[in-house]
Every structure is written in structure tokens, then in C-alpha cells.
Amino acid sequence: MHAVRLFIRKVDHFTERSGKLLAWLCLALAATTFLVVVLRYGIGIGSIAIQESMSYLHAMVFMLGAAYTLKQDGHVRVDIFYRR
């Protein structure tokens with residue numbers, strides 16, 4: 001039983017740390033989006049690699065952010081299922 005509690009604590013710690021890192025990844029995602037727009041419409045250069053990195057950052061924010069939001073009890077609930 002001690003091993004299970006240790007594992008749960010380690011997962012919670014990882015979730016907490018990754019959630020705080022994801023906040024900074026949102027900033028990186030916004031900066032990358034701004035860079036793509038400036039490069040494409042300001043300078044006339046398109047970069048597929050930067051656009052793909054935007055997609056991967058977006059996926060990481062939502063997939064890893066779901067665990068952090070669940071841990072913080074921040075998910076939106078539907079009243080139909082949680083009404084008494």
C-alpha cells in the first residue's frame with residue numbers, strides 16, 4: 001500500500017509541475033503564432049516547421065493541461081449530471 005501512495009504522490013507532483021510549465025507554454029504558443037503572422041504577412045516568408053511547432057504546442061497545452069485542470073478541480077460541470 002505504501003508503494004501505491006508513493007506512486008500517487010509522484011504523479012500528483014508531476015501533474016503540478018507540468019501544469020505550471022504549461023502556463024509558460026501558452027505564452028510560447030502566443031509568441032509563435034505572432035511570429036508566424038509577422039513572417040507570413042509582414043515579410044512574406046512561410047515556415048512549415050514553425051507552423052507545425054504551433055500545432056504541437058497547442059496539443060501539449062490541451063492534453064497535459066487536462067490532468068492539471070482535473071487535479072485543481074477546475075473542469076466545467078454540466079448541471080444535468082450534478083444536480084441533486
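Refer to the structure above for everything that follows.
**Some remarks on the pattern of salt bridges**
Side chains that carry opposite charge are capable of pairing whenever their charged atoms lie near each other.
Part 1: Counted according to the given criterion, the structure contains one salt bridge.
Part 2: A salt bridge links Lys20 to Glu16; its shortest N-O distance comes to 3.6 Å. Taken together, the residues span about one helical turn, with Lys20 and Glu16 both in helix α1 (residues 2-43) at a distance of four residues.

**What to know about the side chain of Thr15**
Part 1: Looking at the element boundaries, Thr15 is found in helix α1.
Part 2: Separated by 2.8 Å, the side chain of Thr15 and the backbone oxygen of Val11 make a polar contact.

**Section: the nonpolar core**
Part 1: Leu22, Leu25, Leu29, Val36, Met54, Leu57 and Val61 form the largest nonpolar core, which has seven residues in total.
Part 2: Counting residues per element, the ones that place at least two in this core are α1 and α2 (48-71).
Part 3: The element that contributes the greatest number of residues to this core is α1, accounting for four residues.

**Digging into the side chain of Thr32**
Part 1: Residue placement: Thr32 occurs in helix α1.
Part 2: Under the relative-accessibility criterion, Thr32 is labelled buried at 14%.
Part 3: Among the polar contacts made by the side chain of Thr32, one reaches the main-chain carbonyl oxygen of Ala28 at a distance of 2.7 Å.
Part 4: With residues up to four places along the chain from it excluded, the contact list for Thr32 reads Ile50, Ser53, Met54 and Leu57.

**Brief notes about the packing of α1 against α2**
Part 1: Axis separation between α1 and α2 bottoms out at 8 Å; the angle between their running directions is 150°. When the axis of α1 is compared with that of α2, the two are roughly antiparallel. Every pair of crossing elements has a handedness; the one defined by α1 and α2 is left-handed.
Part 2: Class assignment of the residues belonging to the contact of α1 with α2 gives a composition of 16 nonpolar, eight polar and five charged.

Analysis parameters
Residues numbered from 1 in each chain as written. Predicted model: local features only at pLDDT ≥ 70, side-chain atom pairs only at ≥ 80, totals over all residues. Heavy atoms only, no water. Salt bridge = Lys/Arg side-chain N within 4 Å of Asp/Glu carboxyl O. Helix = DSSP H or I, 4+ residues; strand = E, 2+ residues; numbered from the N terminus. Polar contact = N/O pair within 3.5 Å; in protein donor to acceptor, adjacent residues only side chain to side chain. Core = buried A, V, L, I, M, F, W, Y, C linked by side-chain atoms within 4.5 Å. Buried < 20%, exposed > 50% of the residue type's maximum accessible area, 1.4 Å probe, protein only. Contact = heavy atoms within 4.5 Å. Axes fitted to C-alpha atoms, helices over the stretch in contact; angles between N-to-C directions. Parallel < 35°, antiparallel > 145°, perpendicular 65-115°, else oblique. Left-handed = near helix turned anticlockwise from the far one by under 90°. Nonpolar A, V, L, I, M, F, W, Y, C, P; charged D, E, K, R; others polar.

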